[in-house]
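# Geometric and topological summary
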Amino acid sequence: MITRRELLGGTALATAGLLAGFRFQDAPRGTGGLIPASPLHHPLSQDKKLVPTESNIEGPYYRKDAPFRSKLATGLKGEALKISGKVLSPDGTPLREALVDVWQADKEGAYDQTSDAFVLRGRIKTDKDGLYVYETIMPGQYDLGEAKRPAHIHYKVSAAGHALLTTQLYFKGDPWISKDPFVRKSLIIEVADKAGTFDIVLAKA
Ligand code: FE
């Protein structure tokens, strides 16, 4: 059993893979215990800061100026899904008023590319604790050549003093994950009881 001290102290061990067991409740002093445990593991860098969330491709379907709302799928059929999380600075400070801009395919894997309704697209601002939450439906997979892209939700996240992050979240257990060239392990979340947590760490600008 490797202790946390050994993990944090061992240069050779200070890799994302070996630190993947780090959870927010293990966060260093100074984060005030505000940071919840998360299924998304944010390893610590050697200076004991949270490692920023990995970026991921934007893809061709982003549309700017989506409405501000936390219910993205009103009136749509699909498997209900609630995603929440915190937006954090690398020192663990929750970022209030951060902008979380999300977009996704419907259950058939299609994006709304033209309508004024901005279906399955929305912007959410974090609250005073850096928390965001939205309700949606599970996105469908869509064709990528002869394969399919695993289900995913796209994100653009920004906050004052921090670098814009473009990324995606994926869902554990999706059979296409292992075949998709874009998936990053750190971006895979688990869904339980129709809910998942996706915390985001933004690099300083
Ligand atoms: Fe996509």
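Small disclaimer: the values here were computed from a predicted structure and weren't measured.

### Examining the coordination of the iron ion
The protein atoms that coordinate the iron ion are Tyr111 (OH), Tyr142 (OH), His152 (NE2) and His154 (NE2), at distances spanning 2.0 to 2.1 Å. Here the donor residues of the iron ion share one chain and are spaced in sequence as Y-x30-Y-x9-H-x1-H. On the criterion of sequence distance, the pair formed by Tyr111 in the loop between strand S2 (99-104) and strand S3 (121-125) and His152 in strand S7 (residues 152-158) is long-range, its members being 41 residues apart. In this structure His152 comes out as buried when scored by relative accessible area, which is 1%.

### A short note on the sheet that holds strand S8 (residues 165-171)
The five strands are arranged S3-S2-S7-S8-S9 in an open sheet whose pairing can be described as mixed. A single partner strand is all that each edge strand has here, and the edge strands are S3 and strand S9 (188-189). Two strands pair when backbone bridges link them, and S8 and S9 are joined in this way by two bridges, in the parallel orientation. Counted as the bridge partner of Tyr170 is Ile188 from S9.

### Quick word on the packing of aromatic side chains
Evaluated as defined, the whole model comprises eight aromatic pairs. Taking the centre distance of 6.2 Å and the plane angle of 80 degrees together, the rings of Tyr61 and Tyr142 count as edge-to-face. Residue Tyr61 is found in the loop between helix H1 (4-9) and strand S1 (80-88), and its partner Tyr142 is found in strand S5 (residues 142-144); the two are separated by 81 residues along the sequence. The exposure class of Tyr61 is partly exposed, given its relative accessible area of 24%. Judged by relative accessible area, which is 13%, Tyr142 ranks as buried. Ring centres of Tyr132 and Tyr134 lie 6.2 Å apart, and the angle between their planes is 20 degrees; on these two criteria the pair is classed as stacked. One aromatic cluster in this structure is built from Tyr132, Tyr134, Tyr155 and Phe198. The ring of Trp176 has Lys179 lying over it, and the distance from NZ or CZ to the ring centre is 5.4 Å.

Rules of the game
Residues numbered from 1 in each chain as written. Predicted model: local features only at pLDDT ≥ 70, side-chain atom pairs only at ≥ 80, totals over all residues. Heavy atoms only, no water. Donors = N, O, S within 2.8 Å, 3.2 Å for Na, K, Ca; no water. Helix = DSSP H or I, 4+ residues; strand = E, 2+ residues; numbered from the N terminus. Buried < 20%, exposed > 50% of the residue type's maximum accessible area, 1.4 Å probe, protein only. Pairing = 2+ DSSP bridges. Phe/Tyr/Trp six-rings, centres within 6.5 Å; stacked < 30°, edge-to-face > 60°. Lys NZ or Arg CZ within 6 Å of the ring centre and 35° of its normal.

As far as function goes, none of this settles anything; it's purely spatial.
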